[in-house]
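Residue-level listing of the chains:
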Amino acid sequence: MSFTLPDLPYAIDALEPHISKRTLEFHHGKHHAGYVSNLNGLVEGTKHESASLLDIVRDLSDDPGGSALYNNAAQTWNHTFFWDGMRPDGGGEPGGAMLDRLKKDFGSYDSFRDKFKQAATGQFGSGWAWLIESDGVLDVVSTGNAVVPVADGRTPLLTCDVWEHAYYLDYQNARADFVDSFLDHLVNWDFVESNLDAA
Ligand code: MN
């Protein structure tokens, strides 16, 4: 069985003006599609052929990023998770139980926001910023290149792609402005909460 590129969970222009249709045409249609295509070439005939993406990632996590198979499986999974973590008219402070949980583990929504922005802007070079659950506590981490934070019982809840291809067409070098848009206008808190419930 081969892996397929999932459709975006919204129209390709639905995240404008924060992420343009042109960015998504390249990011989903070329970059994400490329990882899926590479993955299918790499996995065919191997013991991972019928494994799930996260099983491949977990199986190779002794050396995260150390193989083309890890990197393409991880990037295939990461991008779908990134798309699902956004929606039109999202972002800002969540309500209800999600806000209570952020207050419990970060002190306030603003301190979560500061920590996430710092992780996203402070990641040197290509990578990802993550909200995760670890041992029952929410935390923010960043990872380089394709690495998924699933080792040691950690559960990803939300991610922001900070590879230049995620923002360069819309924001050029201003990664911080892209991260502000992600946090203030795009985060799908219902998706975060569903991952927390499953954690
Ligand atoms: Mn990307």
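Only a predicted model underlies this, so the values are computations on that prediction, with no experimental measurement involved.

**Focus: the overall build of the chain**
- A count of helices and strands for the chain gives 8 helices and 3 strands.
- Ordering the α and β elements of the chain from the N terminus gives α-α-α-α-α-β-β-β-α-α-α.
- If you line up the chain on its principal axes, its C-alpha atoms span 50 × 40 × 30 Å.
- Within the span of the chain, comprising 199 residues, buried residues form 47% of the whole.
- Taking as baseline every contact in the chain between residues at least 6 positions apart, the subset at least 24 positions apart corresponds to 68%.
- Taken as a whole, the chain presents about 9100 Å² of accessible surface, with 47% of it coming from carbon and sulfur.
- The averaged location of the 30 negative side-chain charges in the chain is 2 Å from the averaged location of its 14 positive side-chain charges.

**Here's the deal with the sheet that holds strand E2 (residues 137-144)**
- Pairing within the open sheet is antiparallel, and its 3 strands lie in the order E2-E1-E3. Where the open sheet ends on each side, the last strands, each with one partner, are E2 and strand E3 (155-161). The average angle at which neighbouring strand axes cross in this sheet is 25 degrees, direction not considered.
- Across 6 bridges, strand E1 (residues 127-134) lies against E3 in antiparallel orientation. Paired with Leu131 across the strands is Leu158, a residue of E3.
- In the packing of helix H3 (residues 68-84) onto the sheet, the strands contacted are E1 and E3, and the crossing angle to E3 comes to about 85 degrees.

**Some details on the domain arrangement of the chain**
- Entries for the chain in the domain assignment read domain 1 (21-84) and domain 2 (96-198).
- A straight line from the C-alpha centre of domain 1 to that of domain 2 covers 20 Å.
- Counting residues at the interface gives 21 residues for domain 1, matched by 23 residues for domain 2.
- Both faces combined, the contact of domain 1 with domain 2 buries some 1700 Å², and carbon together with sulfur accounts for 70% of it.
- Broken down residue by residue, the surface that domain 1 buries against domain 2 is led by Thr23, Phe81 and Phe82, which jointly contribute 34%.
- At the junction of domain 1 with domain 2, the criterion picks out 8 residue pairs in polar contact (both at pLDDT 80 or more).
- Taken together, the elements giving at least two residues each to the side of domain 1 that touches domain 2 come down to helix H1 (21-43), helix H2 (53-59) and H3.
- It is H3 that contributes the most residues to the side of domain 1 that touches domain 2, 10 residues altogether.

**Brief notes about unusual backbone geometry**
- In this chain, Glu16 is followed by Pro17 through a cis amide linkage whose omega measures 5 degrees.
- Looking at where Pro17 falls in the secondary structure, it is placed in the segment before H1.
- Phi at Asn145 is positive, roughly 55 degrees, even though this residue is not glycine.
- Here Asn145 is to be found in the loop between E2 and E3.
- Owing to a relative accessible area of 46%, Asn145 belongs among the partly exposed residues under this scheme.
- Unusually for a residue other than glycine, Gln172 sits at a positive phi of about 50 degrees.
- For Gln172, a relative accessible area of 39% puts it in the partly exposed group.

**With respect to the packing of aromatic side chains**
- If you walk through the whole model with that rule in mind, you get 15 aromatic pairs.
- Ring plane angle 50 degrees and centroid distance 5.8 Å describe the contact between Phe112 and Phe116, whose orientation is recorded as tilted. Separated by 4 residues within a single helix, Phe112 and Phe116 lie in helix H5 (residues 109-122), roughly one turn from each other.
- For Phe112, a relative accessible area of 0% gives the class buried.
- Residue classification places Phe116 among the buried positions, given a relative accessible area of 0%.

The rules behind these values
- Residues numbered from 1 in each chain as written.
- Predicted model: local features only at pLDDT ≥ 70, side-chain atom pairs only at ≥ 80, totals over all residues.
- Heavy atoms only, no water.
- Helix = DSSP H or I, 4+ residues; strand = E, 2+ residues; numbered from the N terminus.
- Buried < 20%, exposed > 50% of the residue type's maximum accessible area, 1.4 Å probe, protein only.
- Contact = heavy atoms within 4.5 Å.
- Areas by Shrake-Rupley, 256 points an atom, 1.4 Å probe, with all protein chains shown as cover.
- Lys, Arg positive; Asp, Glu negative; His and termini not counted.
- Charge placed at Lys NZ, Arg CZ, Asp CG, Glu CD.
- Pairing = 2+ DSSP bridges.
- Axes fitted to C-alpha atoms, helices over the stretch in contact; angles between N-to-C directions.
- Domains from an automatic or database assignment.
- Buried area = accessible area lost by both parts, 1.4 Å probe.
- Polar contact = N/O pair within 3.5 Å; in protein donor to acceptor, adjacent residues only side chain to side chain.
- Phe/Tyr/Trp six-rings, centres within 6.5 Å; stacked < 30°, edge-to-face > 60°.

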